[in-house]
Amino acid sequence: MDSEQNIMLRREAVDSARHIIVKAGTRLLIDRESIAKLVDGIALLRKSGRRVLLVTSGAVGMGMELAGLEKRPRELAQKQALAAMGQARLMSIYAEEAARHGFQVAQLLLTASDLRNRGRYLNVMNCINALWERDVLPIVNENDSVSVAELKFGDNDTLAGMLTSLTGAQMTVLLTTVDGLRGRNSDGSLGDRIPNVAKITDKIRALAGGTDDSDLSTGGMASKLRAAGLSTASGAWLWIADGRYDDIMKKIINAEDTGTLFLPEKHKVPGRKRWFGFFSKISGEITVDSGAQAAVSVKGGSLLPSGVVRVDGDFKRGDTVDVCGADGRPFARGLVNFDSSDCRKIMGKHTAELPEVLGSAAEAELIHRDNLILLER
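As a starting point, this report considers the structure included with it.

### What about the nonpolar core?
As a rule of thumb, soluble globular proteins bury nonpolar side chains together.
Okay, step 1: One finds Leu53, Ile128, Leu163, Leu181, Phe262 and Phe279 to be the most contacted residues of the largest nonpolar core, which totals 44 residues.
Okay, step 2: Within the residue set of this core, elements represented by two or more residues are strand 2 (51-56), strand 3 (105-110), helix 6 (118-133), helix 7 (156-167), helix 9 (221-233), strand 9 (237-242) and helix 11 (271-279).
Okay, step 3: Ranked by the residues each element gives to this core, the list is headed by helix 9, at six residues.
Okay, step 4: Counting residues in hydrophobic clusters, the runner-up holds 39 residues, among them Ala17, Leu29, Met171 and Leu263.

Here's what the structure looks like:
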């Protein structure tokens, strides 16, 4: 792709973005001056007529500073205590810096269960919309002071991607301490920056290896690619940019060739499918043969019991399950029509056999195609 096409894509992305999710990592929020520069950039986006939501890291890092620690502790209770200390300080700085620009901020602390539950998911969405209507900047962070492993998003990159899907935002901006996704040289070292990514392939995912740094922050380039998958499947652009530049938001608004831009998928995942595909709790796994995998992933068909070879987990009708191929990797996700006990009874059976096996009338599909989403599109 030549430079002119590159700039045209960036201009298209910027012009389409009326709602923007901005995520800033811990290593960018090292002191008050760095937070002030971030708020300056957000104010610039707001002045351009865009609604902005900020996903902030930094609560644990701020708590570490207050406690005089240099390395992130491993003990859960210690991290939770630092998050509780740091979050209050972090929000007070954001509020003071936003006041310099004449706007207010609001805090939302979320756990994964807030988005897995359909009712609470809608409450979060309605709250954000109400804040935007009041011209308030929503600032979201994972609730690290109470989160445990099963309630965590994993990292704030993933949270940003989820909020892009939830709000219908047109762009996600991940601010980090690198200049975007980079290729690999023949010796395995990092190569040149990749300006644009049209599709997230296994080759692209392989470029993220070895980029994590757990001493201060969580996540690396791999988490940013997961966020890119969430955002682009929702029809949004995702821009990884170097937040160390004081004028990075100006560069983005001006559609300059900085960072890496991920293009939205051509076929946007519908909102209802995004909820069970990205947010709902996974209650089990159904493994299928190659014929069933092809019927679902290539032909766009429903999943029938005849193609199922294994059922794992204890789930109910209507729960979300992963559908795995022969290699054990999930390739689809959906809402199942039978509980796990009945799934085991009917796996490998043809549709005509189901009433006899179950003793009653039953749906022909284990998972209907309208309730299926492909994970690697």
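### Section: the packing of aromatic side chains
Okay, step 1: Taken as a whole and assessed by the stated rule, the structure comprises one aromatic pair.
Okay, step 2: With centroids separated by 5.0 Å and ring planes inclined at 70 degrees, the aromatic side chains of Tyr121 and Phe279 adopt a geometry described as edge-to-face. Here the residue Tyr121 occupies a position in helix 6, and Phe279 occupies one in helix 11, the gap between them amounting to 158 residues. Neither residue differs from the other here; Tyr121 and Phe279 are each classed as buried.
Okay, step 3: Taking NZ or CZ as reference, Arg46 lies 4.0 Å from the ring centre of Phe103, over its face.

### Here's the deal with the sheet that holds strand 3
Okay, step 1: Taken in spatial order, the eight strands of this open sheet run 3-4-2-1-5-9-10-8, and their pairing is mixed. Only two strands of the sheet have a single neighbouring strand rather than two, namely strand 3 and strand 8 (196-197).
Okay, step 2: The sheet contact formed by strand 9 and strand 10 (residues 260-262) spans three bridges and is antiparallel. Looking across to strand 10, one finds that Leu238 is bridged to Phe262.
Okay, step 3: Packing of helix 2 (residues 32-47) onto the sheet brings it into contact with strand 1 (19-24), strand 2, strand 4 (137-142) and strand 5 (171-176), and relative to strand 2 it is tilted by some 155 degrees.

### Quick notes on the sheet that holds strand 15 (residues 372-374)
Okay, step 1: Pairing within the open sheet is mixed, and its five strands lie in the order 12-11-13-14-15. A strand with exactly one partner marks an edge of an open sheet, and here the two such strands are strand 12 (308-313) and strand 15. Put simply, the sheet's adjacent strands are angled 25 degrees from each other on average, direction ignored.
Okay, step 2: Sheet topology note: the strand 13 (residues 320-324)/strand 14 (residues 330-335) ladder contains five bridges and is antiparallel. Residue Thr320 lies in a different strand from strand 14, and its bridge partner there is Leu335.
Okay, step 3: Where helix 12 (residues 290-297) meets the sheet, its contacts fall on strand 11 (282-288), strand 14 and strand 15, and the angle it forms with strand 14 comes to roughly 70 degrees.

### Quick word on the state of the cysteines
Okay, step 1: Using the criterion set out here, one finds zero disulfides in the structure.
Okay, step 2: The structure places no disulfide on Cys343, whose sulfur is separated from the nearest cysteine sulfur, that of Cys324, by 13 Å.
Okay, step 3: By relative accessible area, which is 1% here, Cys343 ends up buried.

### Points about the pattern of salt bridges
Okay, step 1: Counted by the stated rule, this structure contains 22 salt bridges.
Okay, step 2: Between Lys37 and Glu33 there is a salt bridge whose closest N-O contact spans 3.6 Å. Note that Lys37 and Glu33 are positioned in helix 2 at a spacing of four residues, about one turn of the helix.
Okay, step 3: On the basis of relative accessible area, Glu33 is assigned to the exposed category, the value being 52%.
Okay, step 4: Residue Asp319 is joined to Lys316 by a salt bridge in which the shortest nitrogen-to-oxygen separation is 3.8 Å.
Okay, step 5: One salt-bridge network, held together by shared partners, links Arg32, Asp40, Glu96, Glu97 and Arg100.

### Here's the deal with helix 9
Okay, step 1: In this model, helix 9 (13 residues) spans 18 Å end to end at C-alpha, consistent with the 18 Å of a helix rising 1.5 Å per residue.
Okay, step 2: Of all 13 residues making up helix 9, 10 are buried, and the element is well covered by its neighbours.
Okay, step 3: Listing the buried residues of helix 9 in full gives Met221, Ser223, Lys224, Leu225, Ala227, Ala228, Leu230, Ser231, Thr232 and Ala233.

### Notes on unusual backbone geometry
Okay, step 1: A positive phi angle, near 65 degrees, is found at Asp135, a position not held by glycine.
Okay, step 2: Assignment of secondary structure puts Asp135 in the loop between helix 6 and strand 4.
Okay, step 3: Backbone geometry places Ala255, a non-glycine residue, at a positive phi of 60 degrees.
Okay, step 4: By the element assignment, Ala255 lies in the loop between helix 10 (248-253) and strand 10.
Okay, step 5: Residue class for Ala255 comes out buried when judged on its relative accessible area of 2%.

What counts, and where the lines are drawn
- Residues numbered from 1 in each chain as written.
- Predicted model: local features only at pLDDT ≥ 70, side-chain atom pairs only at ≥ 80, totals over all residues.
- Heavy atoms only, no water.
- Core = buried A, V, L, I, M, F, W, Y, C linked by side-chain atoms within 4.5 Å.
- Buried < 20%, exposed > 50% of the residue type's maximum accessible area, 1.4 Å probe, protein only.
- Helix = DSSP H or I, 4+ residues; strand = E, 2+ residues; numbered from the N terminus.
- Phe/Tyr/Trp six-rings, centres within 6.5 Å; stacked < 30°, edge-to-face > 60°.
- Lys NZ or Arg CZ within 6 Å of the ring centre and 35° of its normal.
- Pairing = 2+ DSSP bridges.
- Contact = heavy atoms within 4.5 Å.
- Axes fitted to C-alpha atoms, helices over the stretch in contact; angles between N-to-C directions.
- Disulfide = S-S within 2.5 Å.
- Salt bridge = Lys/Arg side-chain N within 4 Å of Asp/Glu carboxyl O.
- Expected span 1.5 Å × (residues − 1).

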